[in-house]
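Architecture and fold: a report
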Amino acid sequence: MSAPLASALRTWAARGDDASGTLARRLAGEAGLRTVVLVEGVSDREAVEAVARSQGRDLAAEGVCVLPMGGATNVRRHLALLGPHGLDLRVTGLYDAAEEPFFRRAVEGAGSAAGPSREALASAGFFACVADLEEELIRSVGITGVEDVVRAQHEARALTTFRRQPAHRGRPPEQQLHRFLGTTSGRKARYARALAERLDPSSVPTPLLRLLAAT
């Protein structure tokens, strides 16, 4: 889906003014938008789109936009504008387990009787990552696989230096890698894409599989 459309949707969600809404509606119509996948950040979008490509899907051609919201606290606003009381699009999403209350309240506020359980939220199209998508990817790719990706990104020396720092020395390798992925601007999104591309089809994290199946 085009960058101008994604930008227009984010602007409308942030401002809520008529001019932003008019532009978003026009671009959505021109693009044939039918589904919006709400994710918390850019790294989540990169992973979702990478796994979709590995499945042979072209989300843009299907009328699907993966939209980073800039944090889970923005889900209620996005769902109100994009769901049945707004553009009336199908809305699905991916969220970190700790942010589940924000998503439950937003889904219930949009008129869905999601209920209190995580599976009820999944039935409404919203799927939890434990604890977050980066952790899901690290588990699925495995420590050795992640380290291979780091080497392919020419950052093996940086990772070694990071692991030797007093604050990280002695931590489990999964925690070290998780923290390393978020230490530099742009690194988290870059590795989310690279790790997702590394996944064997049989090891794709369940939340990603379920999200794409529902989208």
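All of the points below concern the structure found in this document. (Residues numbered from 1 in each chain as written. Predicted model: local features only at pLDDT ≥ 70, side-chain atom pairs only at ≥ 80, totals over all residues. Heavy atoms only, no water.)

This paragraph deals with the overall build of the protein chain. Within the protein chain one finds twelve helices and four strands. The C-alpha radius of gyration computed for the protein chain amounts to 18 Å, which stays within 12% of the reference 17 Å derived for 215 residues, consistent with globular compactness. If you line up the protein chain on its principal axes, its C-alpha atoms span 50 × 35 × 35 Å. Counting all 215 residues of the protein chain, 48% fall into the buried class. Looking at the protein chain alone, contacts between residues at least 24 apart form 71% of all its contacts between residues at least 6 apart. Accessible surface computed for the protein chain: about 10,100 Å², of which carbon and sulfur atoms make up 50%. For the protein chain, the separation between the mean place of its 28 positive charges and that of its 25 negative charges on side chains is 4 Å. (Helix = DSSP H or I, 4+ residues; strand = E, 2+ residues; numbered from the N terminus. Rg over C-alpha atoms; globule rule 2.2 N^0.38 Å. Buried < 20%, exposed > 50% of the residue type's maximum accessible area, 1.4 Å probe, protein only. Contact = heavy atoms within 4.5 Å. Areas by Shrake-Rupley, 256 points an atom, 1.4 Å probe, with all protein chains shown as cover. Lys, Arg positive; Asp, Glu negative; His and termini not counted. Charge placed at Lys NZ, Arg CZ, Asp CG, Glu CD.)

Across the two faces of strand β4 (residues 126-129) the burial is the same, with Phe-126 and Ala-128 and Phe-127 and Cys-129 all buried. Sheet topology note: the strand β3 (residues 90-96)/β4 ladder contains four bridges and is parallel. Directly across from Tyr-95, in β4, lies its bridge partner Ala-128. (Pairing = 2+ DSSP bridges.)

Our next topic: the sheet that holds strand β2 (residues 64-68). Read from one edge of the open sheet, four strands run β2-β1-β3-β4, paired in parallel fashion. Pairing within the sheet leaves two strands with one partner each, and these edge strands are β2 and β4. Sheet twist, expressed as the average angle between the axes of neighbouring strands with direction ignored, equals 15 degrees. In terms of strand pairing, strand β1 (residues 35-39) meets β2 through five bridges, oriented parallel. Bridging across to β2, Val-37 finds its partner in Val-66. (Axes fitted to C-alpha atoms, helices over the stretch in contact; angles between N-to-C directions.)

Scanning the model with the defined rule gives 15 salt bridges in all. Glu-62 serves as the salt-bridge partner of Arg-57, at 2.7 Å between the closest nitrogen and oxygen. Accessibility expressed as a relative area gives 18% for Arg-57, which makes it buried. Using a relative accessible area of 27% as the deciding quantity, one classes Glu-62 as partly exposed. Residue Glu-119 is joined to Arg-210 by a salt bridge in which the shortest nitrogen-to-oxygen separation is 2.6 Å. With a gap of 91 residues between them, Glu-119 in helix α6 (residues 118-123) and Arg-210 in helix α12 (residues 206-213) connect regions that are remote in the sequence. Assessed through its relative accessible area of 34%, Arg-210 is described here as partly exposed. Among the charged side chains, a network of salt bridges with common partners joins Arg-45, Glu-46 and Arg-193. (Salt bridge = Lys/Arg side-chain N within 4 Å of Asp/Glu carboxyl O.)

Relative orientation of the contacting elements helix α3 (residues 42-54) and helix α7 (residues 133-141) amounts to 40 degrees, with a least axis distance of 10 Å. Classified by the angle their axes make, α3 and α7 are oblique. On the side of α3, the interface is formed by Ser-43, Asp-44 and Ala-47, while α7 contributes Leu-133, Glu-134 and Leu-137. (Parallel < 35°, antiparallel > 145°, perpendicular 65-115°, else oblique.)

Right, let's talk about the side chain of Asp-132 for a bit. Along the chain, Asp-132 turns up in the loop between β4 and α7. Separated by 3.3 Å, the side chain of Asp-132 and the backbone nitrogen of Glu-134 make a polar contact. A polar side-chain atom of Asp-132 sits 2.9 Å from a polar atom in the side chain of His-178. Setting aside residues no more than four positions away along its own chain, Asp-132 makes contact with Asp-96 and His-178. (Polar contact = N/O pair within 3.5 Å; in protein donor to acceptor, adjacent residues only side chain to side chain.)

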